[in-house]
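Spelled out, the chains give:
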Amino acid sequence: RKEVEQDPGPFNVPEGATVAFNCTYSNSASQSFFWYRQDCRKEPKLLMSVYSSGNEDGRFTAQLNRASQYISLLIRDSKLSDSATYLCTGGTSYGKLTFGQGTILTVHP
Amino acid sequence: EPEVTQTPSHQVTQMGQEVILRCVPISNHLYFYWYRQILGQKVEFLVSFYNNEISEKSEIFDDQFSVERPDGSNFTLKIRSTKLEDSAMYFCASSLRTSATGELFFGEGSRLTVL
């Protein structure tokens, strides 16, 4: 089983749509979780951290369910600029981030 | 805004040659990392470095790979004898705290092409 699994998509949604991505992880040693965004041929950039209590940053909401080893990202009111690959990742205390394959999102007019 | 810088942006080399990829992490960061991404595949962890020593490495990071922080600013990845399968984008990253608790800042990457 892959350590971090994501639905690769692609997700094609119109502007203004709400879209949700899911991710599961298998390493119970992972202590923290993040969503990164990667534009084509660019470096990953942190989108947001993920907490069990859930956290929101503008149009983005992330949620962690440790019991089910499941992470989610919700994007409301999608913009064209949200088109990217979204990477789910978990980190251990020794400095290793394990990335998922990424979920491709394309927002069209 | 402080950033992680990497050189070269693209290097083409012959199989069997040694390659050194260079990185300047963000100045007050304490943890340093190398990741790689083969075209079309996921970002993979290679090695983490803290307090002048490797804190963790993956199975990809075999004897052909080494890292060094020769001075207070540079962090290098050396591949001793490159193979075709080493062709990838190599990302350097740094963080103020461990990746378990803190954000990683990635450089723009060094694309390595092994012929």
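Heads up: the structure comes first, above all this text.
In this report, the structure presented in the accompanying data block is examined.

Conventions we followed
Residues numbered from 1 in each chain as written. Chains lettered and ligands numbered in written order. Predicted model: local features only at pLDDT ≥ 70, side-chain atom pairs only at ≥ 80, totals over all residues. Heavy atoms only, no water. 1 Å grid on protein atoms, 1.4 Å probe; cavity = no way out; pocket = protein on both sides within 12 Å on 5 of 7 lines; lining within 4 Å. Points joined across faces, edges and corners; volume = space filled by probe spheres on them. Helix = DSSP H or I, 4+ residues; strand = E, 2+ residues; numbered from the N terminus. Nonpolar A, V, L, I, M, F, W, Y, C, P; charged D, E, K, R; others polar. Pairing = 2+ DSSP bridges.

**Structural notes on the layout of surface pockets**
In this structure, the largest pocket encloses a volume near 570 Å³. Surrounding the largest pocket, 24 residues form its lining, Glu43 and Lys45 of chain A together with Phe106, Gly107 and Glu108 of chain B being those nearest its centre. Counting only elements with at least two residues in the lining of the largest pocket, the list comes to β5 (44-50) of chain A together with β1 (5-7) and β10 (105-106) of chain B. In terms of residues, the lining of the largest pocket owes the most to one element, β5 of chain A, which gives four residues. Here the lining of the largest pocket is built from residues that sort into nine nonpolar, five polar and 10 charged. Of the volumes computed, that of the second largest pocket is approximately 410 Å³. Gln38 and Thr85 of chain A together with Gln37, Gly40 and Gln41 of chain B are the residues nearest the centre of the second largest pocket, which is lined by 20 residues in total. The set of elements that each furnish at least two residues to the lining of the second largest pocket consists of β9 (84-91) of chain A together with β9 (88-95) of chain B. Sort the elements by how many residues they give to the lining of the second largest pocket and β9 of chain A lands first, with three residues.

**What about the pairing of strand β7 (residues 60-65) of chain A?**
Residues and elements named next belong to chain A. Pairing geometry for strand β6 (residues 55-57) and β7, over three bridges, is antiparallel. The residue of β7 that forms the bridge with glutamate 56 is threonine 61. The antiparallel pairing of β6 with β7 creates a hairpin that spans two residues between the two strands, and glycine 58 there sits at a positive phi of about 65°. Relative to strand β8 (residues 70-75), β7 is paired through six bridges, and the arrangement is antiparallel. Looking across to β8, one finds that phenylalanine 60 is bridged to isoleucine 75.

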